[in-house]
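Descriptive structure summary
Chain residues, written in single-letter form:
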Amino acid sequence: YTGLTTVLFRSVVKPVYGLPHQAEACWRSWLEQDYAGPLEIIFSLQDLDDPALPVLRRLVQGRRARILVNPVRPGFGGKTSNLSHGIDAARHELLVLSDADMLAPPDTLRRIVGAGEQGADLVGCLPCHGDARGLWGGMYAQSWNGVILIVWGGSMVLGRPAGLPGGTVAITRRHLARIGGITAVAAHLAEDIAMGKAARAEGLRLGMGPPVNSPVGPMSWQGLWDKLRRGMLVVLWGNPHGAVRSVLLLCILAAYLPWGLAALGLEQFGVAALMGGLSLVRMLGQGTLGWLAGDRWRPAWS
């Protein structure tokens, strides 16, 4: 076996555009990983006027990190272009591709190896969305956590991985080349899902990595709409439950909050109680999924 467990040299590539919620805390969490082996962190941007640039320049001083600024490559989206430039510049064999808004516990890199020890060729870390602000941010956190619980979590438990969750993916250069490189997913709205599908087509084994946090913060209606469009791709692309059943489950589990509030407003207390019970199921289910990813069991409050 020549998968993740044999690779000690790691390059973390983080595509950056703008300042996500809790940006500095997210970026510092990767710079302060409890990992003693050869490691580099690459922050890849596309604009010298990006407000993230001065923040990153201050954070990377004296650390194992570099900042790249390159224009968007033809045929690529902004994020996949940033990833492409970062991968080209990376020195090491194991690539950890992590979104700018991922906040990682200090032992994340070490625990990715644990998934490799279970025979995974690619590892997708379990993203947990929290710290949501406002109605749209709260709806996004609840719905996206529901997608992860129902679609991806269910597929992992059933032993039929639906793909890779967005946020943080670990893959070796050899396996990335085997699925066509980052170029193969350059124009996809959900490049991580496309990468997971390509990996499954090549017979590669997908594994569930340790939980990482994604602080949501405030969100506009347009931002919520864009995120939900991406989430719907996860539901429709090869999930083990079937698209119709998954949509129905999401309407109940992911949107229990507006359903419950509407029921209370109409004095339908039985329906409101049902929504409360379903929210409890979701909370316990996400806690169990985190436990399966190697975290300690705890209820998922958000």
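Below is a short write-up of the structure. What you are looking at is a predicted structure, and each value in this text was computed from that prediction instead of being measured. (Residues numbered from 1 in each chain as written. Predicted model: local features only at pLDDT ≥ 70, side-chain atom pairs only at ≥ 80, totals over all residues. Heavy atoms only, no water.)

Glancing now at the pattern of salt bridges. In total, this model carries 12 salt bridges according to the counting rule given. A salt bridge links Glu 24 to Arg 28; the shortest N-O distance between them is 2.6 Å. On the criterion of helical spacing, the pair formed by Glu 24 and Arg 28 is a turn pair, its members being four residues apart in helix α1 (residues 23-31). Judged by its relative accessible area of 27%, Arg 28 is partly exposed. Arg 110 is paired through a salt bridge with Asp 34; the nearest N and O atoms lie 3.1 Å apart. Residue Arg 110 is found in helix α4 (residues 108-117), and its partner Asp 34 is found in the loop between α1 and β2 (39-45); the two are separated by 76 residues along the sequence. (Salt bridge = Lys/Arg side-chain N within 4 Å of Asp/Glu carboxyl O. Helix = DSSP H or I, 4+ residues; strand = E, 2+ residues; numbered from the N terminus. Buried < 20%, exposed > 50% of the residue type's maximum accessible area, 1.4 Å probe, protein only.)

Right, let's talk about helix α7 (residues 191-201) for a bit. A turn of α-helix holds 3.6 residues, and therefore any two residues three or four places apart point the same way. Inspection of α7 places Glu 191, Asp 192, Ile 193, Ala 194, Met 195, Gly 196 and Ala 199 among the buried residues, and these make up the whole buried set. Following α7 by one or two positions, Gly 203 has its phi on the positive side, about 80°.

Time to look at the sheet that holds strand β6 (residues 168-172). The strand order across the open sheet formed by seven strands is β3-β2-β1-β4-β6-β5-β7, and the pairing between neighbours is mixed. Edge positions in the sheet fall to β3 (65-69) and β7 (206-218), since each has one partner strand and no second. Taking the axes of each pair of neighbouring strands and ignoring which way they run, one obtains an average angle of 20° across the sheet. Judged from the 11 bridges that link them, strand β5 (residues 122-133) and β7 form a sheet pairing that is parallel. What sits directly across from His 129, in β7, is Ser 214. Its contacts with the sheet put α1 on β1 (10-15), β2, β3, β4 (94-98), β6 and β7, and the angle it makes with β2 is roughly 150°. (Pairing = 2+ DSSP bridges. Axes fitted to C-alpha atoms, helices over the stretch in contact; angles between N-to-C directions. Contact = heavy atoms within 4.5 Å.)

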